[in-house]
Amino acid sequence: MPKKFQNFIAGKWVDARSGKTFENRNPANWDELVGTFPKSGKEDVDEAVRAARAAHETWRLVPAPKRGDIMRKVGDVMVARKEELARQMTREMGKVLTETRGDVQEGIDTAYYAAGEGRRLFGKTVPSELPDKLNMAMRVPIGVAGIVTPWNFPMAIPTWKIFPALLCGNTIVFKPASDTPATATSLVEILLEAGIPAGAINIVHGGGAEVGNAIVGHPDVDLVSFTGSTEVGKKISAMAASTLKRVSLELGGKNAQIVMDDADLGLALEGLLWGAFGTTGQRCTATSRLILHEKIHDKFIGMLVDRVKKLRLGDGLLPTTDVGPCINQGQQETVKNYVEIGVQEGARIVTGGDIPRGSGLEKGWFFSPTVFENVKPEHRIAKEEIFGPVLSVLKTKSLDEAIHILNDTIYGLSSSIYTADVNRAFRAVRDVKAGIIYINAPTIGAEAHMPFGGVKQTGNGHREGGWTVYDFFSEWKTVYVDYSGGLQRAQIDNYNE
Ligand code: UN1
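Residues numbered from 1 in each chain as written. Predicted model: local features only at pLDDT ≥ 70, side-chain atom pairs only at ≥ 80, totals over all residues. Heavy atoms only, no water.

**Quick word on empty space enclosed by the protein**
Then, number 1: Under the defined criterion, the tally for this structure stands at three cavities of 30 Å³ or more.
Then, number 2: Its boundaries defined by the atoms lining it, the largest cavity holds a volume of some 80 Å³.
Then, number 3: Taken together, 15 residues make up the lining of the largest cavity; nearest its centre are Gly281, Arg283, Ala286, Ser288 and Phe387.
Then, number 4: For the lining of the largest cavity, a count of residues per class yields six nonpolar, six polar and three charged.
Then, number 5: Lining the second largest cavity, in full, are Thr110, Tyr113, Trp160, Pro164, Ala448, Gly465, Gly466, Val469 and Tyr470. (1 Å grid on protein atoms, 1.4 Å probe; cavity = no way out; pocket = protein on both sides within 12 Å on 5 of 7 lines; lining within 4 Å. Points joined across faces, edges and corners; volume = space filled by probe spheres on them. Nonpolar A, V, L, I, M, F, W, Y, C, P; charged D, E, K, R; others polar.)

**Overview of the nonpolar core**
Then, number 1: The biggest cluster of nonpolar side chains holds 58 residues, and the ones touching the most others in it are Val74, Ile162, Phe163 and Leu191.
Then, number 2: Here this core gets eight residues from one element, more than from any other, and that element is helix 5 (residues 156-167).
Then, number 3: Both domains that meet at this core, namely domain 1 (3-251 + 459-478) and domain 2 (255-439), each give it at least three residues.
Then, number 4: Once residues within four sequence positions are removed from consideration, Phe163 is found in contact with Met71, Val74, Met78, Gly107, Thr110, Ala111, Ala114, Pro158, Leu187 and Leu191.
Then, number 5: Within the second largest apolar cluster, 27 residues are counted, among which are Trp365, Val375, Leu399 and Val432. (Core = buried A, V, L, I, M, F, W, Y, C linked by side-chain atoms within 4.5 Å. Buried < 20%, exposed > 50% of the residue type's maximum accessible area, 1.4 Å probe, protein only. Helix = DSSP H or I, 4+ residues; strand = E, 2+ residues; numbered from the N terminus. Domains from an automatic or database assignment. Contact = heavy atoms within 4.5 Å.)

**A closer look at the sheet that holds strand 7 (residues 133-140)**
Then, number 1: Taking strand neighbours across the sheet as the criterion, the three strands line up as 6-7-20 in an open arrangement whose pairing is antiparallel. The open sheet has two edge strands, strand 6 (124-127) and strand 20 (475-482), and neither has a second partner. If you compare each strand with its neighbour and ignore which way they point, the axes differ by 20° on average.
Then, number 2: Note that strand 7 and strand 20 share eight bridges and pair antiparallel. Pairing of Ala137 across the sheet is with Thr478, part of strand 20. (Pairing = 2+ DSSP bridges. Axes fitted to C-alpha atoms, helices over the stretch in contact; angles between N-to-C directions.)

**A few points about the packing of aromatic side chains**
Then, number 1: Following the criterion strictly, the structure yields eight aromatic pairs and no others.
Then, number 2: Measuring from centroid to centroid gives 5.8 Å for Phe22 and Phe37, while their planes differ by 25°, and the two rings are stacked. Taken together, the positions of Phe22 in strand 4 (residues 21-26) and Phe37 in strand 5 (residues 29-38) put the pair 15 residues apart, joining distant regions of the chain. Taken as a pair, Phe22 and Phe37 share a single burial class, namely buried. (Phe/Tyr/Trp six-rings, centres within 6.5 Å; stacked < 30°, edge-to-face > 60°.)

**So, the sheet that holds strand 14 (residues 287-293)**
Then, number 1: Spatially, the seven strands line up as an open sheet ordered 15-16-17-14-13-18-19, and their pairing is mixed. With partners counted over all chains shown, the strands left at the sheet margins are strand 15 (348-351) and strand 19 (438-439), one partner each.
Then, number 2: Here strand 13 (residues 255-259) pairs with strand 18 (residues 415-418) via four bridges, running parallel. In the sheet register, Gln257 faces strand 18, and the bridge partner there is Ser416.
Then, number 3: Contacts between helix 10 (residues 297-310) and the sheet are confined to strand 13, strand 14, strand 15, strand 16 (370-373) and strand 17 (390-396), with strand 14 contributing the most and set at about 145° to the helix.

**Let's talk about the side chain of Asn170**
Then, number 1: Along the chain, Asn170 turns up in the loop between helix 5 and strand 9 (171-175).
Then, number 2: For Asn170, a relative accessible area of 0% gives the class buried.
Then, number 3: Other than its neighbours up to four places away in sequence, Asn170 contacts His56, Trp59, Pro141, Ile142, Gly143, Ala165 and Phe473.

**What about the site of the ligand?**
Then, number 1: The environment of the ligand is formed by Glu106, Asn152, Phe153, Ile157, Trp160, Arg283, Cys284, Thr285, Ile444, Gly445, Ala446 and Phe452.
Then, number 2: One of the backbone nitrogen or oxygen atoms of Cys284 is found 2.7 Å away from an oxygen atom of the ligand.
Then, number 3: The contact in question runs from an oxygen atom of the ligand to an N or O atom on the backbone of Ala446, over 2.6 Å.
Then, number 4: For the ligand, whose free accessible area comes to 320 Å², the fraction covered by protein is 99%. (Near = heavy atom within 4 Å. Polar contact = N/O pair within 3.5 Å; in protein donor to acceptor, adjacent residues only side chain to side chain. Areas by Shrake-Rupley, 256 points an atom, 1.4 Å probe, with all protein chains shown as cover.)

**Digging into the pairing of strand 18**
Then, number 1: Neither face of strand 18 is open: one carries Ser415 and Ile417, the other Ser416 and Tyr418, and all of them are buried.
Then, number 2: Pairing between strand 18 and strand 19: two bridges, direction parallel. When the bridges of strand 19 are listed, Ser416 appears paired with Tyr438.
Then, number 3: In the classification by handedness, the crossover that spans strand 18, the intervening helix 14 (residues 422-431) and the parallel strand 19 is right-handed. (Right-handed = clockwise from strand over helix to strand, strands pointing away.)

**Observations regarding the domain arrangement of the protein chain**
Then, number 1: Under the domain assignment, the protein chain is made up of domain 1 (3-251 + 459-478) and domain 2 (255-439).
Then, number 2: Distance from the C-alpha centre of domain 1 to the C-alpha centre of domain 2: 31 Å.
Then, number 3: The partner domain 2 presents 25 residues to the 22 residues of domain 1 that form the contact.
Then, number 4: Here domain 1 packs against domain 2, burying approximately 2100 Å² in sum over the two surfaces, 62% of which is carbon and sulfur.
Then, number 5: When residues of domain 1 are sorted by the area they lose upon contact with domain 2, Trp30, Glu99 and Trp151 head the list and together hold 27% of the total. (Buried area = accessible area lost by both parts, 1.4 Å probe.)

Written as structure tokens, this is what we have:
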């Protein structure tokens, strides 16, 4: 029997006020219903925000090291449930088990990092310009955080946001992607089991237009952290402007891997296969462009096609599967459309390009891993985020030109260069316009304790991950303590000649 899931608001598991529900199905087998979920609306969000606001008054006073202790328990529970969580995630969004285990592990890493941060959350003390006076700046909680997350990392990305937000003393209204509500529900259960108080974490299921907009537009939500498309990110930014709430946006990418003529081609190929077709290309860090030096272009394409043809599509729960399905029918159609656009624009399919048939694939949203060559920088498949198993290959004559092509996009999340020449590597580090660059490693695989985010239209200047995300989820309070016993006037009394 598929489970009936609920929202968690003000400490209670409840249906949507409207009583409406939506279904969540396995993208590798649409006959399999994972569960039904509340199709919530503004009234559910209002209640959740009220609960989070009330809970903030007590949660903000819990010492940060104690909040960190809860985060440690969160990590421990996730370790104990890792395999079960990974299986649930594969069922609801399709990526292979090795990857869903990695996704849970990223959450575990984020929990333990947050636990440690509970005993840091450093502020600063700074000398005053006046005698007998102490200046300091400390981090304080902000309030209610609206967390809106995507389906491609259903555990990791919510943890990147929720754990530091809670650790900093904020309370949460969480709207997960409607394609991955079960994993999100498990995360809420884990937080509660570890001791996060009712009201501090609220989950409201439903669509972006109803629930997402209600969160972003709510005057009592102090900050919003969103990962998703650039198009939606721009709308969120505009909507949030009316209340000037703080917004962190992690948006699209059109990440490229450069392979120079001096590179270890075998290594570059392994990295590329992982970067381009891992998670069925559905990562914002996915390698969607390959920039090949002309001297190795034909040879590398030959090696690549040979391997791509051997990738096995299927149910991510099976150990024989390399690549799972697209998340849903809409995404499969988007991929198919882009393949048609690529052909029309004059690029050449060297492998893939179709919806595969075959046993085990009949009831899933699969798309064959696809490689285009003869792609020009002005082609749409070289410019627009596809979010599927499609790789566009471009040819280059030099490092400078390769970097120019890599930078020729509105996005700037991840990037990669394979070269044995240390000078070329460091030039790329300096000149590539991206938030992340890998040397001799693929564009995917960010570690939880490092800053994560991009430049240009990939974001709005904030970073997730590591120590940097704590800047987003806390506010600075500046404190002056004058213990001189008299009135001391800054800027005046020291310079009163
Ligand atoms: C994303 O694609 O939205 O670096 C996040 C990576 C993962 C996170 C990806 N650790 O590919």
